[in-house]
Amino acid sequence: MFRQSFNDNWQVRPKVNPFAELSGTVVPFEPVTLPHDAMIAQERSAGEEGAGAYFPGGTFEYRKTFAVPDEHQGRRILIEFEGVYRDATVYINGDWVGQRPYGYSLFRVDVGHLLRYGQDNEIRVEARTHRDSRWYTGAGIYRDTWLVVGGPVRIAADGVRVATPEIDVDLAVVQVATTVENDTVAMRTVEVTTEIRDADGNVVASDVATATAAPGEPVTARPRLYVPDPRLWAPDSPSLYTCTVTVADETGELDAETVTFGIRSLQLDPQRGLRINGERVKLRGTCVHHDNGVLGAATFAAAEERRVRLLKDAGFNAIRMSHNPMSRAMLDACDRLGMLVVDEAFDMWTGGKSEFDYHLSFAEWWERDIESLVAKAFNHPSVIMYSIGNEIPETGSPAGAVWGRRLAEKVRELDPTRYVTNAVNGFLAVMSELAELRRKADEGTGINTMMADPGDMLNAISASEIVTKATAESFALLDVAGMNYADARYALDRELFPNRVILGTETFPTRIDGNWRLVTEQPHVIGDFTWTGWDYFGEVGIGRPQYITEETPEPTHVAPYPYLVAACGDIDITGHRRPASYYREIVFGLRTRPYLAVRRPEHHGKAFAGTPWAWSDSVGSWTWPGFEDAPIAVEVYSDADEVELLVNGTSLGRRAVGGENRFRTEFETVYQPGELVAVAYRDGVETGREALRTAAGPLRLRVEAERPSVAASGGDLAYVTVALADADGTVHTAADRPVALELAGPGVLVGFGSADPATEERFDATERRTYEGRALAVIRPTGPGKIRVSASAPECDPVEAWVLVES
């Protein structure tokens, strides 16, 4: 079917009651280009919920006028929405044409019968969200839209599915299932031609088959093709092929479709774990929410690819999309970059976690949403597993296991080539029985004592006999037992359930050293997914640094307004790596140089009291004006035997580090501007060093495009970093100030912000204060040419950067 972008020339406004409009209340529409997040521009307030980053909900109305030529009459015309949050309702020329309650499913509406051919038509889309999520969701048409047109005889939407059932060194069997639809009243016999091309465009396999479709009855052609000397897709070598299917009859070509796929095999058992193409793979995973930082929830292809690339550069090889189906753009990026995917369906089933969430629609819509999930993911080699849920309370009951089996079997019916998991939280699975559990565990260090540390509490409950019995069936119906915050079960289940394969689907970032040791030592444990690799809006402050005071004797999970982010990501919302990211890279064995993290001197001596999601209050900086000669703590991360710390060339001695010391040590010193150096040693021989230098001299404003050129279409974006630095490029982390931007040329500013965790600044303004010396601007190109980005800040010379936009 012919597809063209449907993203341009939309308008949006908060929806107004039509009776209010009759009485004179008028809310104007504003022009927008999709994808678009209607929530990010709303005013935050302390009266809203911290789960949603203090943004309000609402109902938003989109409209667009579009022409349909006369020659389209009699053809099948669909409008495809990759995602509308939430409870979307679609109207054509004032008439209802379709709806979708779930905010993360790709869906299509058949509009041909309501169109006026040869004339202008109006599409209107309503989206509503209100207290329906545990994190920031955004609102509106936040993913791409498409106009899809096909003839009476055509390839069905999502109608080409490629599988690779047999692979060896010399030959790969590629099975291509193509579904052809026939809207005519006659029998139609067509010729289905299938061609497979390698990355260089060479045809490596082809087939021609005849298929006859009865009126109104789809037919599937399923040829087996044979690719010699296949280039296998793997995380370190993500080789891709394309498959082009053409449908023709005696009149000529009727339709054509091209999909991208990879050739790779999956194997799984508790003795050898997960194998891809016969090689053992441990999943160095991260959970990721769907928002894109300064863009809000708007899903641009360039933003998704940038996130995947930066996560892989930081040492991850797998993403668990949490807790919803991954965008098509991110799946494409994972295929290209070699990032493995656990694609997740739902955060709730029949029981709600928020007052108005999807559980109200689950029983009616779950099957269609599973079908959408699998149809979108099927051809993507990066997808190795589907997750049917996250922390579903029902998993602890027989009725919940019935629902779990329905979902798992539906997934297997649609895609038998991948594995099924479910991210089970043992604590939530037995909440109704916790009173009994408290009584049974009251001896020794019992559950009441462990409540002081929620991480220990979750582990104690998850490893209990109550959880073992309650979740046995829910785990047994899966291929992989997904466990959230339950590493205490890993060794236990090796004995209790010797056929169980385990995946740590959600774990505390502060415990990666111990968790990764379990993953590497236990063959039946195939990986670890931290919460989280990339920071996000909402669940405000669960990972923020906190200190014990008389007013706050213990850490709290929700930070007050105007806190914005969760503050638990290895990478902040602008894409800048935080100290935890480098620590994780060392634990994974991917970094030999040590890393220096300096704790903020203004809190020296205070009692730290963060949650298990909270890293230390540290920064990779040796610039602390106003704290000269004040005490300061320096953390050093390394996998070496020992590290030496030098301040301006003076050694503070060596200290043991490495795995036996949780890959970290710390030194107490006083702050002296200059240079801080860590040197790592193994068996007395230096293995690497790292230095931090104080920003000195006049402050300079630096503006730099991450890429010198971008494309004018296809969802591309220009990312421009803003930094305050000295002449040598050392970022000054303690001289924050407002920076104003001005654009000239074919581009518009779609997001401008920093990683400041608690701010009332907007992301759609042209002026923004830096945070720790940095900010990020994102520009959407509007046509070919050159974009000039001019920046100014108090006490800094103005600067500019250029971005070339190619057609």
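So, a few notes on the structure that sits alongside this text. Remember, predicted model here, so these are calculated numbers, not experimental data.

With respect to the overall build of the protein
Link 1 in the chain: Assigned secondary structure in the protein consists of 14 helices and 48 strands.
Link 2 in the chain: A compact globule built from 807 residues should have a C-alpha radius of gyration of about 28 Å, and the protein, at 28 Å, falls within 12% of that.
Link 3 in the chain: Along the first, second and third principal axes, the C-alpha set of the protein runs to 85 × 65 × 60 Å.
Link 4 in the chain: When burial is assessed residue by residue, the protein has 58% of its 807 residues classed as buried.
Link 5 in the chain: Summarising the internal contacts of the protein: among those between residues at least 6 apart in sequence, 71% fall at separations of at least 24.
Link 6 in the chain: Carbon and sulfur atoms form 48% of the exposed surface of the protein, whose accessible area is close to 31,500 Å².

Some words on the environment of T549
Link 1 in the chain: For T549, the position within the fold is in the loop between strand 31 (525-530) and helix 14 (579-587).
Link 2 in the chain: Along the backbone, T549 and H289 are 260 residues apart, and their C-alpha atoms lie at a distance of 32 Å.
Link 3 in the chain: Engagement of the side chain of T549 in a polar contact is seen with the side chain of T552, the distance being 2.8 Å.

A word on the packing of helix 2 (residues 301-313) against helix 3 (residues 328-337)
Link 1 in the chain: Where helix 2 meets helix 3, the axes come as close as 8 Å, and the angle between the chain directions of the two elements is 40 degrees. Compared by their axis directions, helix 2 and helix 3 come out oblique. Relative to helix 3, helix 2 is oriented so that their crossing is right-handed. In contact with A301, E304, E305, R307, V308, R309 and K312 of helix 2, helix 3 contributes A329, M330, A333, C334, R336 and L337.
Link 2 in the chain: Taken together, the residues that form the contact of helix 2 with helix 3 break down as 7 nonpolar, no polar and 6 charged.

Thoughts on the packing of helix 4 (residues 359-377) against helix 5 (residues 398-414)
Link 1 in the chain: Close contact between helix 4 and helix 5 brings their axes to 9 Å; oriented N to C, the two are set at 30 degrees. Looking at the two axes, helix 4 sits roughly parallel to helix 5. Crossing of helix 4 against helix 5: the hand is right-handed. For the pair helix 4 and helix 5, contact is made by F362, A363, W366, E367, I370, E371 and V374 and by W403, R406, L407, K410, V411 and L414, respectively.
Link 2 in the chain: Considered class by class, the residues forming the contact of helix 4 with helix 5 number 9 nonpolar, no polar and 4 charged.

A look at the pattern of salt bridges
Link 1 in the chain: Counted by the stated rule, this structure contains 61 salt bridges.
Link 2 in the chain: Among the ionic pairs, D347 bridges to R134, the shortest N-O distance being 2.9 Å. With a gap of 213 residues between them, D347 in the loop between strand 26 (340-344) and helix 4 and R134 in the loop between strand 9 (119-129) and strand 10 (145-150) connect regions that are remote in the sequence.
Link 3 in the chain: In this structure D347 comes out as buried when scored by relative accessible area, which is 3%.
Link 4 in the chain: Residues R599 and E635 are paired through a salt bridge, measuring 2.8 Å at the closest nitrogen-oxygen approach. Of the two residues, R599 sits in strand 32 (residues 595-599) while E635 sits in strand 34 (residues 631-637), which places them 36 residues apart along the sequence.
Link 5 in the chain: Salt bridges linked by common partners bring R3, E80, E82, R108, D158 and R328 together as one network.

Considering the sheet that holds strand 13 (residues 188-197)
Hydrogen bonding along the main chain pairs the strands of a sheet, whether they run parallel or antiparallel.
Link 1 in the chain: Pairing in this open sheet of 4 strands is antiparallel, and the strands run 14-13-19-20 from one edge to the other. The open sheet is flanked by strand 14 (203-213) and strand 20 (252-261), the only strands paired with a single partner. Between one strand axis and the next, the sheet turns by 15 degrees as a mean value, whatever way the strands run.
Link 2 in the chain: One ladder, built from 9 bridges, connects strand 19 (residues 241-249) with strand 20; its direction is antiparallel. Note on strand 20: the bridge partner recorded for D249 is G252.

Notes on the sheet that holds strand 7 (residues 95-100)
Link 1 in the chain: Strand order across the open sheet formed by 6 strands is 3-2-4-9-6-7, with antiparallel pairing between neighbours. Strands at the two margins of the open sheet, each flanked by one partner only, are strand 3 (30-32) and strand 7. Each adjacent strand pair in this sheet contributes to an overall mean axis angle of 25 degrees, direction not counted.
Link 2 in the chain: Note that strand 4 (residues 58-68) and strand 9 share 11 bridges and pair antiparallel. Looking at the pairing, F66 lines up with N121 of strand 9.

Structural notes on the nonpolar core
Link 1 in the chain: One finds Y62, I79, F81, I123 and F346 to be the most contacted residues of the largest nonpolar core, which totals 128 residues.
Link 2 in the chain: One finds L266, F427, L428 and I526 within the second-largest nonpolar core, a separate group that totals 38 residues.

Focus: the packing of aromatic side chains
Link 1 in the chain: Scanning all chains against the criterion turns up 34 aromatic pairs.
Link 2 in the chain: Judged by centre distance (5.9 Å) and plane angle (85 degrees), the ring pair of F6 and W10 falls under edge-to-face. W10 matches F6 in its accessibility class, with the two residues each being buried.
Link 3 in the chain: When the ring of W366 is compared with that of W403, the centres are 6.1 Å apart and the planes differ by 85 degrees; the resulting orientation is edge-to-face.

Thoughts on helix 13 (residues 512-521)
Link 1 in the chain: If you check which residues of helix 13 are buried, you get I512, D513, G514, N515, W516 and V519.
Link 2 in the chain: Looking at the packing, one finds that the buried side of helix 13 touches strand 24 (283-288), strand 30 (502-507), strand 31 and helix 14.

Re the state of the cysteines
Link 1 in the chain: Applying the stated criterion across every chain yields a total of 0 disulfides.
Link 2 in the chain: Free cysteine C334: the closest other cysteine sulfur is in C287, separated by 14 Å.
Link 3 in the chain: The thiol sulfur of C568 is not disulfide-bonded, and the nearest other cysteine sulfur, from C287, lies at 9.8 Å.
Link 4 in the chain: For C568, a relative accessible area of 3% translates into the label buried.

Some thoughts on the environment of D726
Link 1 in the chain: Turning to its location among the elements, D726 is positioned in the loop between strand 42 (718-725) and strand 43 (738-744).
Link 2 in the chain: Counting along the chain gives 32 residues from D726 to T694, while the straight-line C-alpha distance between them is 9.2 Å.
Link 3 in the chain: Not counting the four nearest positions on each side in its chain, D726 is found in contact with T694, A695, A696 and P698.
Link 4 in the chain: There is a polar contact of 3.1 Å between the side chain of D726 and the backbone nitrogen of A696.
Link 5 in the chain: A distance of 3.0 Å separates the side chain of D726 from the backbone nitrogen of D728, its partner in a polar contact.

Criteria and thresholds
Position numbers for residues count from 1 along each chain, tracking the sequence in the order it is written. pLDDT decides what is reported in this predicted model: residues at 70 or higher carry local features, side-chain atom pairs at 80 or more are listed and counted, and totals for whole chains, interfaces and linings draw on all residues regardless. With hydrogens and water excluded, all non-hydrogen atoms of the structure serve as input to the side-chain values. Helix and strand definitions here come from DSSP, where helices need a minimum of 4 consecutive H or I residues and strands a minimum of 2 consecutive E residues; each element is numbered from the N-terminal end. Two things to know: the radius of gyration comes from C-alpha atoms, and the globule rule equals 2.2 Å times the number of residues to the power 0.38. Only protein chains enter the accessibility calculation, which uses a 1.4 Å probe; a residue is then buried when its area is under 20% of its type maximum, exposed when over 50%, and partly exposed in between. For this analysis, residues touch if any pair of their heavy atoms sits within 4.5 Å. Residue exposure ignores everything except the shown protein chains as possible cover, and the areas themselves are Shrake-Rupley values with a 1.4 Å probe. Side-chain atoms alone can form a polar contact between residues adjacent in sequence; in general such a contact is a pair of N or O atoms within 3.5 Å, and within protein one must be able to donate a hydrogen while the other accepts it. As a rule, the C-alpha atoms of each element are fitted with a line to give its axis, helices using only the stretch in contact, and angles between N-to-C directions run from 0 to 180 degrees. Here the angle decides the label: under 35 degrees means roughly parallel, over 145 means roughly antiparallel, 65 to 115 means roughly perpendicular, and every other value means oblique. With the far helix as reference, a near helix turned anticlockwise by less than a right angle produces a left-handed crossing, and one turned clockwise produces a right-handed crossing. Nonpolar residues are Ala, Val, Leu, Ile, Met, Phe, Trp, Tyr, Cys and Pro. Charged residues are Asp, Glu, Lys and Arg, and all others, Gly as well, are polar. Salt bridge, as applied in this entry: a Lys or Arg side-chain nitrogen positioned within 4 Å of an Asp or Glu carboxyl oxygen. Strands are treated as partners if at least two bridges between them are detected by DSSP. Think of a nonpolar core as a cluster: buried Ala, Val, Leu, Ile, Met, Phe, Trp, Tyr and Cys residues, connected wherever their side-chain atoms sit within 4.5 Å. Each Phe, Tyr or Trp ring, with Trp reduced to its six-membered ring, pairs with another whose centre is within 6.5 Å; inter-plane angles below 30 degrees give stacked pairs, above 60 give edge-to-face pairs, and intermediate values give tilted ones. By disulfide we mean two sulfur atoms from cysteines, separated by a distance within 2.5 Å.

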